[in-house]
Amino acid sequence: MGLSAVTVLGVDRPGVIAAVTGSLAECGANIQDSTMTLLGGHVAMMLLVSGNLDSAELLKRLRAPDLVVTASAIDARRHFCDDGGGLGYVLTVHGPDRPGIISAISAVLAADGGNITGMSTRLTGRLYVLIADVELPKEVDVAALMRRLAAVGASLDSEITFRPVEPDLL
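This text gives an overview of the structure that appears in the document. Every value quoted in this text rests on a predicted model; they were computed, and no experiment measured them. (Residues numbered from 1 in each chain as written. Predicted model: local features only at pLDDT ≥ 70, side-chain atom pairs only at ≥ 80, totals over all residues. Heavy atoms only, no water.)

Turning our attention to the pattern of salt bridges. Using the criterion set out here, one finds three salt bridges in the structure. Where E57 meets R61, a salt bridge forms, and the shortest distance between an N and an O atom there is 3.1 Å. One end of the pair is E57 and the other is R61, both in helix α2 (residues 55–61) and four residues apart, which spans about a single turn. According to the relative accessible area criterion, R61 is partly exposed, its value standing at 43%. Note that D112 and R148 form a salt bridge whose closest N and O atoms lie 2.1 Å from each other. Note that D112 is positioned in the loop between α3 (101–111) and β6 (115–124) and R148 in helix α4 (residues 142–155), a separation of 36 residues in sequence. Relative accessible area serves as the criterion here: at 35%, R148 is assigned to the partly exposed category. Three or more residues joined by partner-sharing salt bridges are found here, namely E57, K60 and R61. (Salt bridge = Lys/Arg side-chain N within 4 Å of Asp/Glu carboxyl O. Helix = DSSP H or I, 4+ residues; strand = E, 2+ residues; numbered from the N terminus. Buried < 20%, exposed > 50% of the residue type's maximum accessible area, 1.4 Å probe, protein only.)

Printed below as a string of structure tokens:
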């Protein structure tokens, strides 16, 4: 069984997800992991699929008119915190929109080995909102990290919250 990363981008309309996932199922592809969202009226999908078809054949058989679709063979890899060695957090940012928000915050997290595993942003008027799932190595000094995040938030005129994931909610 091979693994392929499939990406889909196109104008949103009812039935897009059903068409793409139905086409994958008809090819015998199993969706192992996926994320789907709307970005400015466009549907954006990323899917990790397994099956007997290589990525080139999978791409040929996918029926997705009016959509930009890619498929690439990939190797299966474990996430660095899958062994239970990491700590899960949720980071939120609220403040005025400006260039560099994601860059500044992700740099602080990366400096301590933090990994953003999921992120969503929205701009409503001038208010910018970011919500991210973050995994940290066990040895990180979380209090010191929170102070650095607060300093970045102040420099961006934004409020940043950083709290542990509630295991019961997963």
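With that settled, consider the side chain of S55. Within the secondary structure layout, S55 lies in helix α2. At 3.3 Å, the side chain of S55 and the backbone nitrogen of A73 are in polar contact. Look past the residues within four positions of S55 in its chain and what remains in contact with it is S4, A71, S72 and A73. (Polar contact = N/O pair within 3.5 Å; in protein donor to acceptor, adjacent residues only side chain to side chain. Contact = heavy atoms within 4.5 Å.)

Moving on, we come to the nonpolar core. One finds L91, I105, L149 and F162 to be the most contacted residues of the largest nonpolar core, which totals 20 residues. Where this core is concerned, the elements lending two or more residues are β5 (86–96), α3, β7 (127–137), α4 and β8 (159–164). If one sorts the elements of this core by residue count, β7 sits on top with five residues. (Core = buried A, V, L, I, M, F, W, Y, C linked by side-chain atoms within 4.5 Å.)

With that settled, consider α4. Quick reminder: α-helices carry 3.6 residues per turn. Residues three or four places apart thus point the same way. Its 14 residues place the ends of α4 20 Å apart at the C-alpha level, agreeing with the 20 Å of an ideal helix rising 1.5 Å per residue. Turning to α4, its buried residues number three or more, namely V142, A144, L145, L149, V152 and G153. Looking at the buried positions of α4, the neighbouring elements they touch are β5, α3, β7 and β8. Between the side-chain oxygen of the N-cap and the backbone nitrogen of A143 there are 3.3 Å, and the N-cap of α4 in question is D141. Of the residues trailing α4, D157 is marked for its positive phi of about 60°. (Expected span 1.5 Å × (residues − 1).)

Across the sheet, four strands lie side by side as β6-β7-β5-β8; this open sheet has antiparallel pairing. On the outer flanks of this sheet lie β6 and β8, each paired with one strand and no other. The sheet shows a mean angle of 15° between the axes of neighbouring strands, direction not considered. The pairing of β5 with β7 spans eleven bridges and is antiparallel. By the bridge assignment for β7, L91 is matched with A132. Most of the contacts of α3 go to β5, to which it runs at about 155°, and overall it touches β5, β6, β7 and β8. Packing of α4 onto the sheet brings it into contact with β5, β7 and β8, and relative to β8 it is tilted by some 160°. (Pairing = 2+ DSSP bridges. Axes fitted to C-alpha atoms, helices over the stretch in contact; angles between N-to-C directions.)

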